[in-house]
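Spelled out from the first residue to the last, the chains are:
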Amino acid sequence: MTNDELIRRDLATVWHPCTQMKDTETLAPIPIRRGEGVWLEDFDGNRYIDAVSSWWVNIFGHANPAINDRIKMQLDTLEHVMLAGFSHEPAVELAERLIAATPAGLTRAFYADNGSAAVEVALKMSFHYWRNTGHGDKTRFINLSNSYHGETLGALAVGDVALYKKTYEPLLLKPLTARGPDCYHREPGVSWAEHSRAVFADMEALLAEHAHETCAVIVEPLLQCAGHMRMYDPVYLELLREACDRYGVHLIADEIATGFGRTGTLFACEQAGEGGISPDFMCVSKGLTAGYLPLSVTLTTEDVYRAFYDDYANMSAFLHSHSYTGNPLACAAALATLDEFERRDQITVNRGLATHMANALAPLAEHPNVAEVRQVGMVAAVELVADKATRTPFDWRERRGLDVYRHALTRGALLRPLGDVIYFMPPYVITPEQIDHLAAVAAEGIERAVST
């Protein structure tokens, strides 16, 4: 098999996600033959550092031996059984370990297949909770501007990125949108904490006016990933938790992309206040299985669980299901992932890697077409602009970020941008030397992209 052979077969049959397929006339998909550690290798022997963790999921490297072994062992025992009326040890053990690892107060784990599904579960569960407890007038949700929570209809509705949402507006429920705490927009001389605290006034006003009809507020803690990797201060989460309690509104923390070590702690919610904040619902996926198999979990409180615990005849049960809910193979991958965190002391290791990444990328902040280099934990982003002084963006149709992506491929790196934001979200097994290479490749690509 060669790259050309597989590309020909691919383009005759496969419709790729987040892709204008006409682009493949000039930039064909890259056929990957195998992966190992941070590396992906194509059929012609070219290798690429997976700097974006294959859409933010692969945290312990491709073909990780320990995770491989755990899945193989499970495969010989039980591949799948429905979780309605049945159970199995991997699902029970994973629920126990997630409850122990997540913020205090989250005591129940509901399984689904992917991040969007976890968000759908949280939205439905919150709405249904209020109905079961005699508050049927609560039917709305509050989100943040520039937020993203997935692409199924409910998850899409509570997002705010027009690229994904605008086309489908007639199909979607209508959330209330508070100004997001995105610190890219802070005034000169204003700290992240000061900006995030000031912006919270908009959320406070929305809650004061609409709490009586609001089920929940949904946020991505600290980092709006698909919203061009925009970041904010943990003080916003602290203020939000207090306000949700005060107004009687649920808080949904979408930790699908921010969880499992990405932001510097196991979960981003841990960074708010003295000991972190505990949401009413926490959605996790992506790094949960280290990129091996689809799985998500919506964790919630005993209070929410008890609102559905009733006689069958009262018809108050939460009737939501997926065929592969709690799949044993996926649960085994997740358990192996949690083992890897403990075995490697990965959060401590990540702190060192994050510091190295910050130092490697720091020189890019001086580039005349870089508005900002920002970072939280193991996620860094470089925002390209046409004019640094005014932060005027390039015309999006010029696709400068795509130029960086093309160049990076020639230098053995996968740097898939978000518009004109070049970001780094590598597997945790990356080395300092590989980080240096990515920084150098990005600098070269940026220079080429802005010179055309």
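Above this text is the structure in question.
The structure displayed is predicted, hence computed values, not measured ones.

### Comments concerning the nonpolar core
One finds L94, M203, V217, L240, F260 and F424 to be the most contacted residues of the largest nonpolar core, which totals 87 residues. The element contributing the most residues to this core is helix α11 (residues 328–344), with 9 residues. When residues of this core are sorted by domain, at least three fall in each of domain 1 (31–63 + 346–451) and domain 2 (68–344). Excluding residues that lie within four positions of it along the chain, F424 makes contacts with A51, M357, L361, M378, V379, A380, V382, L415, L438 and A442. In this structure, V52, W56, M229 and L402 belong to the second largest nonpolar core, which totals 26 residues.

### Examining the sheet that holds strand β10 (residues 250–254)
Taken together, 7 strands build an open sheet; the order of strands is β4-β12-β11-β10-β7-β5-β6 and the sheet is mixed. Each having just a single partner strand, β4 (106–112) and β6 (176–178) make up the two edges of the open sheet. Across this sheet, the average inter-strand angle for adjacent strands is 20°, counted without regard to direction. Here strand β11 (residues 281–284) runs beside strand β12 (residues 296–301); their pairing, made up of 4 bridges, is antiparallel.

### Focus: the pairing of strand β13 (residues 370–376)
Here β13 lies mainly inside the structure; 5 of its 7 residues are buried. Where β13 lies against strand β14 (residues 379–384), 6 bridges are found, and the strand directions are antiparallel. Along β14, the bridge assignment pairs V370 with L384. Between β13 and β14, which pair antiparallel and follow one another directly, the connecting turn spans 2 residues, one of which, G377, has a positive phi of 60°.

### Brief notes about the packing of aromatic side chains
Here the structure, examined in full by the defined rule, presents 13 aromatic pairs. Plain terms: the ring middles of W56 and Y423 are 6.2 Å apart, the flat faces sit at 80° to each other, and that makes the pair edge-to-face. Residue W56 is located in helix α2 (residues 53–56), and its partner Y423 is located in strand β16 (residues 421–424); the two are separated by 367 residues in the primary sequence. As far as burial versus exposure is concerned, W56 and Y423 are alike and both buried. With 5.3 Å between their ring centres and 75° between their planes, F110 and F318 make a pair best called edge-to-face. In this pair, F110 is assigned in strand β4 and F318 in the loop between α10 (302–306) and α11, connecting sequence segments 208 residues apart. Here the aromatic cluster, defined as three or more aromatic residues joined through ring pairs, consists of F60, F260, F267, F341 and Y428. Cation over ring: K138 sits above W130, and NZ or CZ is 4.6 Å from the ring centre.

### Observations concerning the sheet that holds β16
Ordered by their spatial adjacency, 3 strands build an open sheet running β13-β14-β16, and the pairing between neighbours is antiparallel. With one partner strand each, in any of the chains shown, β13 and β16 form the two edges of the open sheet. Taken over all neighbouring pairs, the strand axes of this sheet differ in orientation by 15° on average, direction set aside. Where β14 and β16 come together, 4 bridges link them in antiparallel fashion. Among the inter-strand pairings, E383 is bridged to a residue of β16, identified as V421.

Definitions and cut-offs
Residues numbered from 1 in each chain as written. Predicted model: local features only at pLDDT ≥ 70, side-chain atom pairs only at ≥ 80, totals over all residues. Heavy atoms only, no water. Core = buried A, V, L, I, M, F, W, Y, C linked by side-chain atoms within 4.5 Å. Buried < 20%, exposed > 50% of the residue type's maximum accessible area, 1.4 Å probe, protein only. Helix = DSSP H or I, 4+ residues; strand = E, 2+ residues; numbered from the N terminus. Domains from an automatic or database assignment. Contact = heavy atoms within 4.5 Å. Pairing = 2+ DSSP bridges. Axes fitted to C-alpha atoms, helices over the stretch in contact; angles between N-to-C directions. Phe/Tyr/Trp six-rings, centres within 6.5 Å; stacked < 30°, edge-to-face > 60°. Lys NZ or Arg CZ within 6 Å of the ring centre and 35° of its normal.

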